[in-house]
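# Examination of the molecular architecture
For reference, the chains in residue letters:
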Amino acid sequence: MQALSVASEIFPLIKTGGLADVAGALPRALAREGIAVRSLVPGYPAVLAALAGSEEMRGFEDVFGGPARLLSAEAAGLSLLVLDAPHLYRREGNPYLDATGLSWPDNAFRFAALGRVAADIAEGKLPGFVPDVVHAHDWQAGLTFAYLQAGSGPRCGTVMTIHNLAFQGLFPGEILGRLGLPASMMTLEGLEFYGQIGFLKAGLRYADAITTVSPTYAVEIRTPENGMGLDGLLRARASVLSGICNGIDTEIWNTRSDPQLVVPYDADTLERKTINKAALRERLGLAEVADTPLFGLITRLTSQKGIDLVIATIPDLMAGGAQLALLGSGEAAIEVALARAASENPGRVAVVFGYDEGLAHLMQGGCDALIVPSRFEPCGLTQLAALRYGTLPVVSRVGGLADTVIDANEAAISAGVATGFQFGPPNADSLRQAFDRAFVLWQDKAAWLRLQRNALASDVGWDRSARIYASLFRSVASQAASRRA
Ligand code: ADP
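These notes cover the structure that comes with them. (Residues numbered from 1 in each chain as written. Predicted model: local features only at pLDDT ≥ 70, side-chain atom pairs only at ≥ 80, totals over all residues. Heavy atoms only, no water.)

## A few points about the environment of A20
By secondary structure assignment, the location of A20 is in helix α1 (residues 18-31). Each C-alpha atom, one on A20 and one on L384, is 16 Å from the other, the two residues being 364 residues apart in sequence. Apart from the residues lying within four places of it in its own chain, the contact partners of A20 are E9, I10, F11, I14 and K15. (Helix = DSSP H or I, 4+ residues; strand = E, 2+ residues; numbered from the N terminus. Contact = heavy atoms within 4.5 Å.)

Below is the structure:
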C-alpha cells in the first residue's frame, strides 16, 4: 500500500513545532506496517540543501505566478517529493513569517500550490506513484482535498490530521477564483468561514476521515469552548473523527545513547541523572545545591503554552526550595517577563531564549520534573520525551497531556502506575497544588524513583499509533476503491 503525506514541515529538514516531528517520524513507523509513504514538502532552502541528489519528476509552467518542478529525493531516511517553486519557497528562515515576524503576504498561494500539486499526485498524474491514501497535515495541506473534490479524476482515500486547531489558514474570500476553486465552494457547507476561505476547514469538510493527535483533544474540539469556530463542523463529522496519540522517535530520545547527555543512564542507573543535572546547572549558571529539585520547561512562548502560570508560581517554586530552567522561543513580551524572573532569582531561575535541540535533550536528561502548563494541548511531545527520560511531567489536564501522563493520586500510586502530576483547570492555583504534591513526593526518594521507573516504562514510541493509522488508511483506501468500482 502506498500513501502520500502532505506537510509543510518535516523533521529533521524543517521544523517549527510538533507537526514536523510527526511528519518525520510517521513514515518510518508506517513502513513497519507495510505502508510505503512518500512525503510532499515545499522546497524551502533548508529542504533543498539537505538533498544529496534529486530527480525531476515533473515540471510545471506556472504554479501561482512562476514555474515549478517536482523533485524526487531521499534525505534523512525519508522518501521525499519536493515542490521546488522558487517564487514561493526560496526564502530563508521561518516557513511562514518574514524577517519582521509577519506572515508572508502570499501564504495563501504558497500553500495552495502544495495542495494543488498534492491533488494532482492523488489523481494519479505522477507516473510511477499512485497513492492509495493521501494524508494531509494541518491547514497548509488542507486545500488538497478541495482541489480533489473540485476535480473529476479518480479519488483515493483521504485523511486530514489536525495538529493544532488554532492554526486554520484563513484568507480573503475574494481570492477563491485565483486559487482555481469554483465559486460554489464558497458556502457554509464548503470552505467558507465567516466570509473567509478556511484552508483547514476545506480539509475537514472534504476528507474521508479526520484525525487529531490525541483522543481527549478529539473530544475537546467538538465543544464551543475549544472548537475555535469549527466545532459545529466537527460535531457534524464526529462519525469519522478520531484521536490518535503522537509518539516520539525512541532512537533520537534514548537515554542510553543520547550524545547530548554527559552520561547515559537507564531504569537501573537513574541516579546518574544527577551527573547530567550538574552539567546542566553549570551550563545554565544554576547553583549546585544538594537535594534541590530542578523543574524544566521546553516550549514555544505563546499564550497557549501557559507560561504565565509558571511566572505566577515562581515564588512558590522558590519557597519549596526548587530551581527552574526554561528553554523557549516566541513572543517578546513573554521573554521580557521571564528575563525579569531570572534576574530576580539569580542561580535559581535560568532562562535560555532560542531554539536549541541539543540543550532540550540535556534538559530532559538533567531536570527532575518537566512542567507543561498548556491551556490546550492537542498532544504535546515534550511530556513524552520527559517520560522516556525519567523526568516527571507536571501537566495541565487537557488534550494529549491528559491522555499520556498518569497522575500521582493515591489510587494510581498504590496501583503502581503513576507517571507524573496532572493539574486542572489550567490556572496558577491548581499548578501550585501540583507543585506541592511534587514537593511531598520528592521527600520520599523511594516513591519518586518508583514514579521515574513507571515513566521510563511508558510506551511513548510510534508502534501502537502507527498500527491505528495503518488500519485507518486501509479502511479509507478500500472505501475509495469500492467507490471507484
Ligand atoms: P508545539 O508543536 O505546540 O510547539 P509540541 O510539544 O507538540 O508543541 O512539540 C514541540 C517540539 O519542539 C518538541 O519536540 C520540543 O522538544 C521542541 N521544542 C519546543 N521549543 C523548543 C526550543 N526552544 N528548543 C528546542 N526544542 C524545542
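## A look at the site of the ligand
The local shell around the ligand holds 19 residues, among which G18, R300, K305, G354 and L381 are the closest. In this structure, D21 approaches the ligand through a side-chain N or O atom, which is 3.1 Å from an oxygen atom. Contacts to the ligand include G354, whose backbone N or O atom sits 2.9 Å from a nitrogen atom. About the coverage of the ligand: the protein hides 91% of its 560 Å² of free accessible area. Elements supplying a minimum of two residues to the shell around the ligand: α1, β13 (294-301), β14 (323-330) and α12 (357-366). Grouping the constituent residues of the shell around the ligand by class yields 5 nonpolar, 8 polar and 6 charged. (Near = heavy atom within 4 Å. Polar contact = N/O pair within 3.5 Å; in protein donor to acceptor, adjacent residues only side chain to side chain. Areas by Shrake-Rupley, 256 points an atom, 1.4 Å probe, with all protein chains shown as cover. Nonpolar A, V, L, I, M, F, W, Y, C, P; charged D, E, K, R; others polar.)

## Digging into the sheet that holds strand β18 (residues 421-423)
The parallel open sheet is built from 6 strands, whose spatial order is β15-β14-β13-β16-β17-β18. One side of each edge strand has no neighbouring strand; the edge strands of this open sheet are β15 (349-353) and β18. Put simply, the sheet's adjacent strands are angled 20° from each other on average, direction ignored. Relative to β14, β13 runs parallel, the two sharing 8 bridges. Note that in β14 the partner of R300 across the bridge is S329. With respect to the sheet, helix α16 (residues 428-443) is in contact with β13, β16 (369-372), β17 (392-396) and β18, its orientation differing from that of β18 by roughly 160°. (Pairing = 2+ DSSP bridges. Axes fitted to C-alpha atoms, helices over the stretch in contact; angles between N-to-C directions.)

Geometry only, nothing functional implied.
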